[in-house]
Amino acid sequence: MLLCMASNQQTRPGIGGLAKDRATGRIGVVMGEVGGRVQMRPVHGGREWDVMRNDVESLSAREELSVRLADRNSNSRGGL
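Residues numbered from 1 in each chain as written. Predicted model: local features only at pLDDT ≥ 70, side-chain atom pairs only at ≥ 80, totals over all residues. Heavy atoms only, no water.

With that settled, the discussion passes to the nonpolar core. Taken as a class, soluble globular proteins show a tendency for nonpolar side chains to be buried jointly. By size, the foremost hydrophobic cluster in this structure holds seven residues: A19, V30, V38, M40, W49, V51 and V56. Broken down by secondary-structure element, the contributors of at least two residues to this core are β3 (37-42) and β4 (49-52). Excluding residues that lie within four positions of it along the chain, V30 makes contacts with P13, G14, I15, G16, G17, A19, V38, Q39 and M40. In this structure, L18, V29, V43 and V67 belong to the second largest nonpolar core, which totals five residues. (Core = buried A, V, L, I, M, F, W, Y, C linked by side-chain atoms within 4.5 Å. Buried < 20%, exposed > 50% of the residue type's maximum accessible area, 1.4 Å probe, protein only. Helix = DSSP H or I, 4+ residues; strand = E, 2+ residues; numbered from the N terminus. Contact = heavy atoms within 4.5 Å.)

In C-alpha cells, the structure reads:
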C-alpha cells in the first residue's frame, strides 16, 4: 500500500511521496537522497533507481489519483 498522499503545494516530494522521473517518465516512491541524486522505488516494489535531483518532479493531481487508483485496484484483485 502507498504511503501518505503528497501535497500539491510541494515543488519536490519528500521521502515516501510519489514522484516522476522526468528523464525516463517512470513514476515511483521517493526513498531518500544522497548527494545530488534521489533514490526512487517502483510503486509496487522492486529495485530502486537513482535520479538526478533536477529530474524529480511532483505528480499532477490527475497523475497521482491515477497511480493510487491503480494501486488500490491491484490490491483488491490479490484475493481473487
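Mapped onto the elements of the fold, G14 is located in the segment before β1 (18-21). Once the C-alpha coordinates of G14 and V29 are considered, the two residues, 15 residues apart in sequence, prove to be 9.2 Å apart.

With that settled, the discussion passes to the confidence of the model for the protein. With 84% of its residues at a pLDDT of 70 or more, the protein has an overall mean of 86. No element of the protein has a lower mean pLDDT than helix α1 (residues 61-77), which averages 88, and none a higher one than β4, which averages 97. (pLDDT = per-residue confidence, 0-100.)

Summarising the sheet, strand β2 (residues 27-34) and β3 pair through six bridges and their orientation is antiparallel. Residue pairing in the sheet places E33 in a bridge with V38 of β3. Linking β2 back to β3 in an antiparallel pair, the connection comprises two residues, with G35 at a positive phi of about 60 degrees. Examined bridge by bridge, β3 and β4 share four bridges and lie antiparallel to one another. Residue V38 lies in a different strand from β4, and its bridge partner there is V51. The turn joining β3 and β4, which pair antiparallel and follow one another in sequence, is formed by six residues; a positive phi near 90 degrees is taken by G45. (Pairing = 2+ DSSP bridges.)

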